[in-house]
Amino acid sequence: MFSSIAPLARLNPFYAPHFQPIQDGVRKRAEPTEVTTTRRSLAAASASEEYSCEYGSLKFYALCGVGGVLSCGLTHTAVVPLDLVKCRMQVDPQKYKSIFNGFSVTVKEDGVRGLAKGWAPTFIGYSLQGLCKFGFYEVFKILYGNMLGEENAYLWRTSLYLAASASAEFFADIALAPMEAAKVRIQTQPGYANTLREAVPKMFGEEGIWAFYKGVAPLWMRQIPYTMMKFACFERTVEALYKYVVPKPRSECTKGEQLVVTFVAGYIAGVFCAIVSHPADSVVSVLNKEKGSSASQVLQRLGFKGVWKGLFARIIMIGTLTALQWFIYDSVKVYFRLPRPPPPEMPESLKKKLGLTE
């Protein structure tokens, strides 16, 4: 009986092993096993493969943060024109009817330079967000993984990715909120301000410090589901690509081939991210444009159809963004020779419990 459900247990990322196989007619509770932690095993691997630092060390986290700064700051700044049109479609759909119409109207009114409005708060805000998002993700992934133990960390790996990414994004959004608020004001309120230096004192004078943080709750609504999807979907997609698509093990792939897999998995994750987070993104755009409105009031006014306005533009933007972010982040890890754990494999101790090995 137990052997028949073993394959299901192995494939289900949410499976929780509470019992061992039936022995002598008695089902026994599983006892904790002493296993080598992920951190220790990768630390040993790092020594043999000449990595620049130990997995889980302060240097490792710091360089992961640098990778996050580059991956998020550069990519979000690069797509500012598309982001500007997307935001304007969300807050004024009568004027900006589509992506191409939005670009046309913007260029006609503000010139080509108008497409770069909001680049400074975008670069600063998303660099800070990337620092916290990727740096803290590595921190929480290792922390939660060690708390669970090697076997549970494998069986519950999807839940582990979700929890670690949600925890990281909570702090990342606090860092992003002030610059996101300024960016939306610059991009969606003609005549309000053309630069970050103009927008910040004006916003503070009108609403005080609240002007910069009133959008943090909608940001959590938008970014936490987005980031949970971004990391969990990416991790599982990489695992699936190496298992079912790539014709050779990851260890036999060149660094370039591994980065191609990273880019493809990132784009797939990005499409799902855009869909999951778009309604909250629409609320954030409208909320930061208007004074005195709450997230619930904006949501009621937009309605079901309104919150999906600009989705196609966001899928293009977020899909490309997410793929490039993971590509840049992984490239930084390669450049600095950071430990890059392979896709997870079932621990030998768990294989024995499930009767998969003799």
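Calculation rules
Residues numbered from 1 in each chain as written. Predicted model: local features only at pLDDT ≥ 70, side-chain atom pairs only at ≥ 80, totals over all residues. Heavy atoms only, no water. Helix = DSSP H or I, 4+ residues; strand = E, 2+ residues; numbered from the N terminus. Buried < 20%, exposed > 50% of the residue type's maximum accessible area, 1.4 Å probe, protein only. Contact = heavy atoms within 4.5 Å. Areas by Shrake-Rupley, 256 points an atom, 1.4 Å probe, with all protein chains shown as cover. Phe/Tyr/Trp six-rings, centres within 6.5 Å; stacked < 30°, edge-to-face > 60°. Lys NZ or Arg CZ within 6 Å of the ring centre and 35° of its normal. Expected span 1.5 Å × (residues − 1). Patch = residues over 30% accessible without salt bridge, like charges linked within 9 Å, V, L, I, M, F, W, Y side chains within 5 Å. Salt bridge = Lys/Arg side-chain N within 4 Å of Asp/Glu carboxyl O. Disulfide = S-S within 2.5 Å. Axes fitted to C-alpha atoms, helices over the stretch in contact; angles between N-to-C directions. Left-handed = near helix turned anticlockwise from the far one by under 90°. Nonpolar A, V, L, I, M, F, W, Y, C, P; charged D, E, K, R; others polar. Parallel < 35°, antiparallel > 145°, perpendicular 65-115°, else oblique. pLDDT = per-residue confidence, 0-100. Core = buried A, V, L, I, M, F, W, Y, C linked by side-chain atoms within 4.5 Å. UniProt positions renumbered as here; feature names shortened; annotations may be inferred.

A. Representation of the overall build of the protein within the structure. Helix and strand content of the protein: 15 helices and two strands. The buried share of the protein, reckoned over its 358 residues, is 49%. A fraction of 76% describes how many contacts in the protein between residues 6 or more apart in sequence connect residues 24 or more apart. Accessible surface, the protein: about 17300 Å² in total, of which carbon and sulfur atoms supply 65%.

B. View of the packing of aromatic side chains. For the coordinates displayed, the defined rule picks out 18 aromatic pairs. Taking 5.4 Å as the distance between ring centres and 80° as the angle between the ring planes, the aromatic pair formed by F134 and W326 counts as edge-to-face. Note that F134 is positioned in helix 6 (residues 119-148) and W326 in helix 14 (residues 311-335), a separation of 192 residues in sequence. The same class applies to F134 as to W326, namely buried. A ring pair is formed by F234 and W326, whose centres lie 3.7 Å apart and whose planes are at 5°; its orientation type is stacked. Residue F234 is found in helix 11 (residues 216-245), and its partner W326 is found in helix 14; the two are separated by 92 residues along the sequence. As far as the burial class goes, F234 and W326 line up, both buried. Cluster of aromatic residues (ring-pair linked, three or more members): F134, Y137, F231, F234, W326 and Y329. When the ring centre of Y154 is taken as reference, the NZ or CZ atom of R157 above it lies at 4.3 Å.

C. The arrangement of helix 6 in detail. Compared with an ideal rise of 1.5 Å per residue, which puts 30 residues at 44 Å, helix 6 spans 42 Å between its outermost C-alpha atoms and is within 8% of the ideal. Phi for G149, located one or two positions after helix 6, is positive at around 95°.

D. Local environment of the environment of G256. As for its placement among the helices and strands, G256 is situated in helix 12 (residues 255-289). With 78 residues separating them in the primary sequence, G256 and V334 have C-alpha atoms 9.9 Å apart.

E. Quick peek at unusual backbone geometry. The residue R337 is not glycine, and still its phi comes out positive at about 55°. The topology assignment puts R337 in the loop between helix 14 and helix 15 (348-353). Taking the relative accessible area as the measure of exposure, R337 reaches 46% and is therefore partly exposed.

F. Molecular detail of a nonpolar patch on the surface. Together, V66, L70, L74, W119, F123, I124, L128 and L131 line one region of the surface with nonpolar side chains, adding up to about 670 Å² of accessible area. Breaking the nonpolar patch down by element, the ones donating at least two residues are helix 3 (58-78) and helix 6. It is helix 6 that contributes the most residues to the nonpolar patch, five residues altogether. Along the chain, F123 turns up in helix 6. Looking at F123, the relative accessible area reads 35%, which means it is partly exposed.

G. The arrangement of the state of the cysteines in detail. For the structure on display, the rule yields zero disulfides. We note that C64 lacks a disulfide partner, and the nearest cysteine sulfur, in C53, lies 7.6 Å from it.

H. Structural context of the packing of helix 3 against helix 6. The interhelical angle for the contact between helix 3 and helix 6, taken along N-to-C directions, is 145°, at an axis separation of 7 Å. The two elements helix 3 and helix 6 cross, and the hand of that crossing is right-handed. The residue makeup of the contact of helix 3 with helix 6, split by class, is 13 nonpolar, 11 polar and two charged.

I. How the structure looks around the packing of helix 11 against helix 14. Look at helix 11 against helix 14: their axes get within 12 Å of each other, and the N-to-C directions meet at 55°. Taken together, the axes of helix 11 and helix 14 are oblique relative to one another. For the pair helix 11 and helix 14, the crossing hand works out as right-handed. Of the residues in helix 14, those in contact with R222, Y226, K230, F231 and F234 of helix 11 are R314, I318, T322, Q325 and W326. Its residues placed into classes, the contact of helix 11 with helix 14 shows five nonpolar, two polar and three charged.

J. View of the confidence of the model for the protein. The share of residues in the protein with pLDDT of 70 or more is 84%, and the mean pLDDT across the chain is 82. Scored below 50 in pLDDT, residues 43-48 makes six contacts in the model with residues more than four places away or belonging to other chains.

K. Representation of the nonpolar core. In this structure, F60, F134, Y137, F234, Y242, W326 and L338 are the most contacted members of the largest nonpolar core, which totals 29 residues. Looking at this core, the elements that each hand over two or more residues are helix 3, helix 6, helix 8 (157-188), helix 11, helix 12 and helix 14. It is helix 11 that contributes the most residues to this core, seven residues altogether. Apart from residues no more than four positions distant in its own chain, W326 is found in contact with F134, K230, F231, F234, T262 and G266. One finds M89, A274, A313 and I318 within the second-largest nonpolar core, a separate group that totals 15 residues.

L. The UniProt feature "transmembrane region" (unreviewed entry) in the protein, seen in detail. The sites that UniProt annotates as "transmembrane region" (unreviewed entry) are residues 259-280 and 311-329. The span residues 311-329 shows a helical share of 100% and a strand share of 0%, and its end C-alpha atoms are spaced 26 Å apart.

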